[in-house]
Structures are given as structure tokens and as C-alpha cells.
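Summary of structural features
Chain by chain, the residues run as shown.
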Amino acid sequence: INPIPVSDAKEQIKLHSFLSLDEKNKVLNVSTGTWRITAPIIVPAGYTLSIKKGTKLHFEPNCGIVSYGSLSFNGKLEDPILLDAVIPEKYWKGIVVLGKHEKVTSHLQGVVIRNATNIEQGKWRQTGGVVFYRSNLKINDSFVEKANSEDAINIIQSRFDIRNLTIDNSTS
């Protein structure tokens, strides 16, 4: 049994009312607004999860983002994307991007990631609240705050370009 969660785009659309699917471009779009996340968001390989400025996602404790594709988070310093726990003392499961041999690039611009912890599911455990494995990454004007994990962010076997990233008030 594979402990790493998998899903397809159509299943994600059924689970999350705030998602819409652009099948032609293989993009899962998060509608602008404030949303309570009650089930993990799983991005299939070959798809992109897109979030626009001002969007706020509040995650239940056992929820996070697991992506086999890429992330395109386009916030602004003055109007950031917020990823946070529903209840600050009850950490959410953070972000894990798992690439394959062909490395896609994720873009995080103007994002605040707050109160994240590492994903643990069965025997599968990540040590970072934000993990990029074999997936390239560009981060600009973003924050990781109050991470409760061995590492606030892990970037493994990936190329990265980080500019103006603040990690604050985190355990490591």
C-alpha cells in the first residue's frame, strides 16, 4: 500500500468546490477568496495548481498540499496569498512537491505560509513544512512563519532561485 496520497484532477474538483479545471492547459485554478480546506489538495502529475493574489486558504490539521505537478502562486507583497491553519495551535500539513525525472518549475510569488508542519502518513514522513523534491523552484517576496517541523523548508535534488524569502518564528 502506497502511503503517499494520489488523486486525479476530476476527483479534486469534486472534493474542493473552490477548484476549477482548465483541462486544455492542465491547470487546477483556485477561485479567489477565503476557503476552508477540509481534505488534502492533491495535484496530479502534469498539472499546475494556480492561486492568485489575495486568496486565503485555511487548512484543517490533517490537510495540506501534495503535488506531483507544479505550483503557480501569484501573490503580491501588498496583497499576498495566505496559506494558514484554521486554528493556529493546530498545525496544517504543509506543502510537498514531488517531481520525477523531468523537473517542472514551481513559482511562489507573494506567499505567506504560516503554521505548517511536516506531512506524516503511515510510514511516509517528510521533515519540512515545505518540501520540494526533484522539482525546481522560484520564490520571490514570500514568508514562512511559525513552522513546526524539523525544517521550515527543504529543497532536495532541485534547482532553485530564492529572492526575498523570510523564515520567521520557526522551530528550525
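Please refer to the structure higher up on the page.
About the thresholds
Sequence order sets the numbering: in each chain, residues are counted from 1 along the sequence as written. Owing to the predicted nature of the model, reporting of local features is limited to residues with pLDDT of at least 70; listing and counting of side-chain atom pairs is limited to 80 or more, with chain, interface and lining totals taken over all residues. Only heavy atoms go into the side-chain values, all of them from the structure, while hydrogens and water stay out. Here a helix means four or more residues in a row that DSSP labels H or I, a strand means two or more in a row labelled E, and each is numbered from the N terminus. Accessibility here uses a 1.4 Å probe with only protein chains present; expressed as a share of the type maximum, an area under 20% marks a residue as buried, one over 50% as exposed, and anything in between as partly exposed. In this analysis, two residues are considered to be in contact whenever any of their non-hydrogen atoms come within 4.5 Å of each other. Only Phe, Tyr and Trp rings take part, Trp by its six-membered ring, and two of them pair if their centres are within 6.5 Å. Stacked means planes under 30 degrees apart, edge-to-face means over 60, and tilted covers everything else.

**Examining the environment of W35**
One can find W35 in strand β3 (residues 34-37). Residue W35 is classed as partly exposed on the basis of its relative accessible area, which comes to 25%. Not counting residues within four places of it along the chain, the set of residues in contact with W35 comprises S17, F18, V30, T55, K56, L57 and H58.

**Details of the environment of Y91**
The topology assignment puts Y91 in the loop between β9 (81-85) and β10 (95-98). For Y91 and Q126, which are 35 residues apart along the polypeptide, the C-alpha to C-alpha distance reads 15 Å. The residues contacting Y91, other than those within four sequence positions of it, are P61, A85, N115, A116, T117, K146 and N148.

**So, the packing of aromatic side chains**
By the definition in use, this model includes two aromatic pairs. Taking the centre distance of 5.6 Å and the plane angle of 35° together, the rings of F18 and W35 count as tilted. With F18 in the loop between α1 (9-15) and β1 (19-22) and W35 in strand β3, the pair connects residues that are 17 residues apart, well separated along the chain. Exposure remark for F18: the relative accessible area of 3% places this residue in the buried category. For the ring pair F59 and W92, a centre distance of 4.1 Å and an interplane angle of 15° mean the geometry is stacked. Within this pair, whereas F59 is found in strand β6 (residues 56-59), its partner W92 is found in the loop between β9 and β10, the two being separated by 33 residues in sequence.

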